[in-house]
Amino acid sequence: LTLALSVPDALPTVVADGDRLLQVVANLVGNAIKFTPAGGTVTIEAAECAGEVRVTVRDTGRGIAPGDLPHVFERF
């Protein structure tokens, strides 16, 4: 598994709950690693977007089945 990081040298300051932000990003990265097959790639990116910071976690796993997408944010 390859873990790639793409973050520019400078980003705007973010006012946020650091613990919650870490929890969210860690969950996304953990799931990406869990569901990406051997030889795949997990990419974490951060970029400025309209004065804000956008964090993206992308992987080369099979993804979420279309029928499950409406339920992604529901509790199990």
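Basis of the calculations
Residues numbered from 1 in each chain as written. Predicted model: local features only at pLDDT ≥ 70, side-chain atom pairs only at ≥ 80, totals over all residues. Heavy atoms only, no water. Helix = DSSP H or I, 4+ residues; strand = E, 2+ residues; numbered from the N terminus. Buried < 20%, exposed > 50% of the residue type's maximum accessible area, 1.4 Å probe, protein only. Contact = heavy atoms within 4.5 Å. Areas by Shrake-Rupley, 256 points an atom, 1.4 Å probe, with all protein chains shown as cover. Lys, Arg positive; Asp, Glu negative; His and termini not counted. Charge placed at Lys NZ, Arg CZ, Asp CG, Glu CD. Pairing = 2+ DSSP bridges. Axes fitted to C-alpha atoms, helices over the stretch in contact; angles between N-to-C directions.

Engineer: Account for the overall build of the protein, naming residues and giving values.
Structural biologist: Helix and strand counts for the protein come out as one helix and three strands. Along the protein, from the amino end to the carboxyl end, the secondary structure elements read β-α-β-β. If one aligns the C-alpha atoms of the protein with their principal axes, the spans along those axes are about 35 × 30 × 25 Å. For the protein, buried positions account for 11% of its 76 residues. Counted over contacts in the protein with a minimum sequence separation of 6, partners at least 24 positions apart contribute 60%. Surface summary for the protein: the accessible area is close to 6400 Å², and the carbon and sulfur share equals 57%. Where the 6 positive side-chain charges of the protein centre and where its 9 negative ones centre are 8 Å apart.

Engineer: Kindly report on the sheet that holds strand β2 (residues 41-49), identifying the contributing residues and their values.
Structural biologist: One open sheet accounts for three strands, arranged β1-β2-β3; its pairing is mixed. Of all strands in the sheet, those with a lone pairing partner are β1 (2-6) and β3 (52-59), marking the two edges. Neighbour-to-neighbour, the strand axes of this sheet turn through a mean angle of 10 degrees, independent of strand direction. Pairing of β1 with β2, which is carried by five bridges, proceeds in the parallel orientation.

Any functional reading would require information beyond the geometric quantities listed.
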